[in-house]
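Structural characterization, general
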Amino acid sequence: MSESSAAIDVRAGVGLLRVWAMPLSEPAVEVLAIAALCPILLVVAFWNGFPLTFYDTGAYMFEGLGGHFVVERSPVYSLFLRFGGAGVNLWWIAILQAAMTAFVMVQTARALKPEMTLTYLAVIAGLLVMATGLPWYVGQIEPDCMTGIVVLAIYLLAFHTRKLGRWRVALLVAVAAIATGAHPSHLGLTAGLALALTIYRGWIWFSGRKDWPRANIVFPAISFVLGLALVLSANFYFTREFFVSRAGPVFIFARLVQDGIAKRELDAVCPQAHLQLCAYKDTLPKTADDWLWGVSPFAKLKRFEGTAAESEFVVKDSLKRFPLQHLTAALEDAATQFITFKTGDQIEPQEWILYPDLDHFIPRQMHAYMQARQQRGMVDFKPINRVHVLVGWLALAGLLAWLAAAIRFGRHRTSVFLGFILTAMIGNAIICGVTSNPHNRYQSRLIWLPAFALAVLVSERHIAALRHFPKSGT
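Within each chain, residue numbers correspond to sequence positions counted from 1 in written order. Only residues with pLDDT of 70 or above have their local features reported here, since the model is predicted, and side-chain atom pairs are shown and tallied only from 80 upward, although totals for entire chains, interfaces and linings are computed over all residues. Each side-chain value is derived from all of the structure's non-hydrogen atoms; neither hydrogens nor water enter the calculation.

1. Some words on the overall build of the protein
- Where helices and strands are cited, they refer to DSSP runs of H or I of at least four residues and of E of at least two residues respectively, numbered from the N terminus. If you tally the helices and strands in the protein, you get 26 helices and zero strands.
- Both definitions apply: the radius of gyration is a C-alpha atom measure, and the globule rule equals 2.2 Å times residues to the power 0.38. By the compact-globule yardstick of 23 Å for 474 residues, the protein fits well, its C-alpha radius of gyration being 24 Å.
- Contacts spanning at least 24 positions in sequence make up 76% of the contacts within the protein whose residues lie at least 6 apart.
- When charges are counted, Lys and Arg contribute as positive and Asp and Glu as negative, whereas His and the chain ends are disregarded. Charge coordinates come from a single atom per side chain, which is NZ of Lys, CZ of Arg, CG of Asp or CD of Glu. Charged side chains in the protein number 41 positive and 31 negative. The centres of these two groups are separated by 10 Å. It only takes one pair of heavy atoms within 4.5 Å for two residues to be counted as in contact.

Below, the structure written as structure tokens:
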């Protein structure tokens with residue numbers, strides 16, 4: 001190698017190191033950060049050898065690639081699979097999800113800490129990959145990774161539009177709309193966050209607290225309206241009818257089965273109500289999952305289509321008859337959901353149910369699918385959750401402590417950011433715990449947000465200060 005070539009290589013290496021030390025406020029570094037975070041967020045999928053799957057993955061494929069409406073699955077996410085290239089390779093979907101997640105993470109870091117370097121953000125992402133369930137959802141063919149996207153995108157659109165600029169705002173609105181429409185619970189979450197922002201803005205106006213950051217409710221509202229429009233349009237595409245969901249009452253009825261309210265209601269109205277469900281009121285299963293997915297009368301009654309009307313009747317009539325029991329059960333389920341967040345909920349070998357759909361729609365990918373660690377039963381979540389659950393609790397405690405301190409010492413922007421994350425987690429627990437029933441994955445898909453928020457707020461400057469903290473002498 002000549003001296004000139006060596007000099008060029010050295011200069012190139014030095015230039016690359018300088019880029020990694022440059023702040024995210026630089027547009028080129030911002031783009032590089034998004035690109036750098038994508039493979040980090042997909043580490044688990046790479047390790048698995050194939051994108052992770054869930055039991056619902058086959059239904060989304062059947063709906064999106066097969067063109068068959070599935071009442072209990074989001075048609076928006078199904079079409080996301082179709083137009084995102086799932087039929088060509090499921091890796092395209094994983095990459096798109098990683099890009100969307102990386103984009104909102106980078107924009108959050110830029111908005112809160114524009115001086116943050118690419119290296120520091122990459123370290124944060126690496127720690128989240130090891131200590132939280134984030135990569136298990138980003139690399140999974142399931143809309144769960146988009147729950148966190150909804151929260152961060154709505155926060156940015158509410159409080160940082162001036163820093164973001166037009167094209168970033170436009171992209172965030174588009175990302176938030178897609179994520180909102182990707183799952184029914186996300187519609188409720190986005191609507192709830194928009195409502196919370198409206199209440200917060202009203203509080204600012206009535207109390208005259210001009211030192212608190214003002215909330216822009218226009219762009220969050222636009223994101224919700226676009227997400228709702230996607231849901232209505234996707235449902236119309238498959239059924240030629242406009243509606244939000246036909247499965248909602250059935251999921252709520254299943255939760256009432258688990259809480260014992262369905263049995264009390266059927267005892268009160270049968271046989272006068274002439275419901276098909278009356279024949280099974282004394283043999284209802286103990287859990288919602290057993291009713292929906294196990295060996296139960298639900299299948300005999302033609303599942304979602306056959307039980308929708310009676311489920312809706314039971315839900316509405318029982319609210320009138322047993323309002324206190326409903327309230328008590330809802331509070332218990334929401335509280336249970338808030339503290340239920342282990343990683344790996346039903347991420348296990350699933351080929352016994354998924355193979356027919358996947359083999360029909362992606363036959364060329366089946367060898368890689370069957371060779372993946374997940375399908376070979378090589379994933380043990382017990383040691384993983386020793387870390388993830390502990391980190392989740394520590395991060396949640398840290399968020400609450402920092403939020404209290406920020407409020408006490410007048411750090412209003414920090415208070416709003418942490419308060420928004422906490423509000424989203426409470427809202428998600430209420431929506432999922434009440435309209436479905438508590439599952440680990442519902443809160444696990446958000447529990448990485450407190451850790452991310454704390455890591456962003458603890459800037460490199462704070463770490464440097466700790467490293468040089470003077471030691472006490474004697």
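Once the structure has been displayed, the description carries forward.
2. Re the packing of helix 2 (residues 27–41) against helix 6 (residues 90–112)
- Axis definition: a line fit to C-alpha positions, over the contact stretch in the case of helices; interaxial angles, taken between N-to-C directions, run 0 to 180 degrees. At a minimum axis distance of 8 Å, the contact between helix 2 and helix 6 shows a crossing angle of 130 degrees. It follows from the interaxial angle that helix 2 and helix 6 lie oblique. Considering how the two elements wind past one another, helix 2 and helix 6 form a crossing that is right-handed. Along the contact surface, helix 2 presents Glu30, Ala33, Ile34, Leu37, Cys38 and Leu41, while helix 6 presents Ala98, Ala99, Thr101, Ala102, Phe103, Met105, Val106, Gln107 and Arg110. By the definition adopted for this analysis, an angle is roughly parallel if under 35 degrees, roughly antiparallel if over 145, roughly perpendicular if from 65 to 115, and oblique otherwise. By convention the crossing between two helices is left-handed if the near helix lies anticlockwise of the far one by an angle smaller than a right angle, and right-handed if it lies clockwise.

3. A short note on the state of the cysteines
- When the sulfur atoms of two cysteines come within 2.5 Å, that pair is taken as a disulfide. Counting across every chain of the model gives one disulfide.
- Sulfur-sulfur distance for the disulfide between Cys270 and Cys278 comes to 1.8 Å. Residues Cys270 and Cys278 share a disulfide whose torsion about the S-S bond is about -80 degrees; that sign makes it left-handed.
- Only protein chains enter the calculation, and the probe is 1.4 Å; a residue is then buried if its accessible area is under 20% of its type maximum, exposed if over 50%, and partly exposed in between. We classify Cys270 as buried; its relative accessible area is 11%.

4. A few points about the packing of aromatic side chains
- Between rings of Phe, Tyr and Trp, where Trp is taken as its six-membered ring, a pair exists when centres lie within 6.5 Å; planes separated by under 30 degrees are stacked, by over 60 edge-to-face, and by other angles tilted. For the structure on display, the rule yields 26 aromatic pairs.
- Look at Tyr60 and Tyr77: their rings are 5.0 Å apart centre to centre, the planes differ by 75 degrees, and that puts the pair in the edge-to-face class. Of this pair, Tyr60 sits in helix 4 (residues 57–64) while Tyr77 sits in helix 5 (residues 75–84), placing them 17 residues apart in sequence.
- Its relative accessible area of 0% is what places Tyr77 among the buried residues.
- Where Trp448 meets Phe452, the ring centres are 5.8 Å apart and the plane angle is 55 degrees; that geometry is what we call tilted.

5. Description of the pattern of salt bridges
- A pair is scored as a salt bridge if a Lys or Arg side-chain nitrogen falls within 4 Å of a carboxyl oxygen belonging to Asp or Glu. According to the stated counting rule, one finds 17 salt bridges in the structure shown.
- The salt bridge involving Asp56 is made with Arg73; its shortest N-O contact spans 3.0 Å. One end of the pair, Asp56, is in the loop between helix 3 (43–48) and helix 4; the other, Arg73, is in the loop between helix 4 and helix 5, and 17 residues separate them in sequence.
- Residue Asp333 is joined to Arg255 by a salt bridge in which the shortest nitrogen-to-oxygen separation is 3.6 Å. With Asp333 in helix 19 (residues 323–338) and Arg255 in helix 14 (residues 248–259), this pair connects stretches of sequence that are 78 residues apart. Arg255 matches Asp333 in its accessibility class, with the two residues each being buried.
- Salt bridges linked by common partners bring Asp56, Arg73, Glu142, Asp144, Arg441 and Arg445 together as one network.

6. Here's the deal with the layout of surface pockets
- Two kinds of site are reported from a 1 Å grid over the protein atoms alone, namely cavities, where a 1.4 Å probe fits but cannot get out, and pockets, open sets with protein on both sides within 12 Å along at least five of seven lines, and residues are called lining when an atom falls within 4 Å of a point. Grid points are joined across faces, edges and corners, and a volume is the space filled by probe spheres set on the points. The calculated volume of the second largest pocket comes to roughly 390 Å³.
- Counting only elements with at least two residues in the lining of the second largest pocket, the list comes to helix 9 (146–159) and helix 10 (161–164).
- Here the lining of the second largest pocket is composed, by residue class, of four nonpolar, three polar and five charged. Any residue outside Ala, Val, Leu, Ile, Met, Phe, Trp, Tyr, Cys, Pro, Asp, Glu, Lys and Arg is labelled polar, Gly included; the first ten of those are nonpolar and the last four are charged.

7. Side note on helix 19
- With 16 residues, helix 19 should reach 22 Å at 1.5 Å per residue; the first-to-last C-alpha distance of 22 Å fits that figure.
- Here helix 19 has its buried residues at His326, Ala329, Ala330, Asp333, Ala334, Gln337 and Phe338. Looking straight down helix 19, one finds that the buried residues subtend no more than 165 degrees of arc, so they occupy a single side. Every exposed residue of helix 19 that faces more than 90 degrees away from the buried side is listed here: Leu324, Leu331 and Glu332.
- For helix 19, the secondary structure elements touched by its buried residues are helix 14, helix 15 (261–269), helix 18 (303–321), helix 22 (381–408), helix 23 (412–435) and helix 24 (440–444). Between the first and last residue of a helix there are one fewer steps than residues, each counted as 1.5 Å, and that sum is the expected span. Arc, as used here, means the arc of the directions from the helix axis to the C-beta atoms.

8. Some words on the nonpolar core
- Remark: nonpolar core denotes a set of buried residues (Ala, Val, Leu, Ile, Met, Phe, Trp, Tyr, Cys) joined through side-chain atoms within 4.5 Å. Counting residues in hydrophobic clusters, the biggest one holds 101 residues, and the most contacted among them are Tyr77, Met146 and Phe159.
- The leading source of residues in this core is helix 6, at 13 residues.
- For Met146, the residues in contact, after removing those within four places along its chain, are Tyr77, Phe80, Gln97, Met100, Ile178, Ala179, Ala182 and His186.

9. Focus on helix 7 (residues 118–131)
- The terminal C-alpha atoms of helix 7, which comprises 14 residues, lie 20 Å apart, in line with the 20 Å expected from a rise of 1.5 Å per residue.
- All of the buried residues in helix 7 are Leu118, Tyr120, Leu121, Ala122, Ile124, Ala125, Leu128, Val129 and Ala131.

10. So, empty space enclosed by the protein
- All told, the structure shown has one cavity of 30 Å³ or more when counted by the stated rule.
- Roughly 50 Å³ of internal volume is contained in the largest cavity.
- Forming the walls of the largest cavity are Leu112, Tyr155, Phe159, His160, Pro213, Arg413 and Val416.
- Elements supplying a minimum of two residues to the lining of the largest cavity: helix 9 and helix 23.
- Across the lining of the largest cavity, the residue classes break down as five nonpolar, one polar and one charged.

11. Topic: the side chain of Lys281
- Tracing the backbone through its elements, the reader meets Lys281 in the loop between helix 15 and helix 16 (288–293).
- The buried category is assigned to Lys281, whose relative accessible area is 18%.
- Leaving out residues up to four positions away in the same chain, Lys281 has contacts with Lys263, Leu266, Asp267 and Cys270.

12. Re a nonpolar patch on the surface
- Together, Val88, Trp92 and Ile95 line one region of the surface with nonpolar side chains, adding up to about 320 Å² of accessible area.
- By relative accessible area, Val88 is classed as exposed at 63%. Each patch is assembled from residues with relative accessible area greater than 30% and no salt bridge, linking like charges that lie within 9 Å and nonpolar side chains (Val, Leu, Ile, Met, Phe, Trp, Tyr) that lie within 5 Å. Surface accessibility in these figures is a Shrake-Rupley result with a 1.4 Å probe; residues are shielded only by whichever protein chains are displayed.

13. Brief notes about unusual backbone geometry
- Between Cys270 and Pro271 the backbone carries a cis peptide bond, its omega angle lying at 0 degrees.
- As for its position among the elements, Pro271 is in the loop between helix 15 and helix 16.
- The backbone of Arg240 shows a phi angle near 65 degrees, a positive value even though the residue is not glycine.
- Assignment of secondary structure puts Arg240 in the loop between helix 13 (218–239) and helix 14.
- A residue is classified by how much of its surface remains accessible, and Arg240, at 56% relative accessible area, is exposed.
- We note that His274 has phi near 55 degrees; this positive angle belongs to a residue other than glycine.
- Its place among the elements puts His274 in the loop between helix 15 and helix 16.
- On the accessibility criterion, His274 (70% relative accessible area) is exposed.

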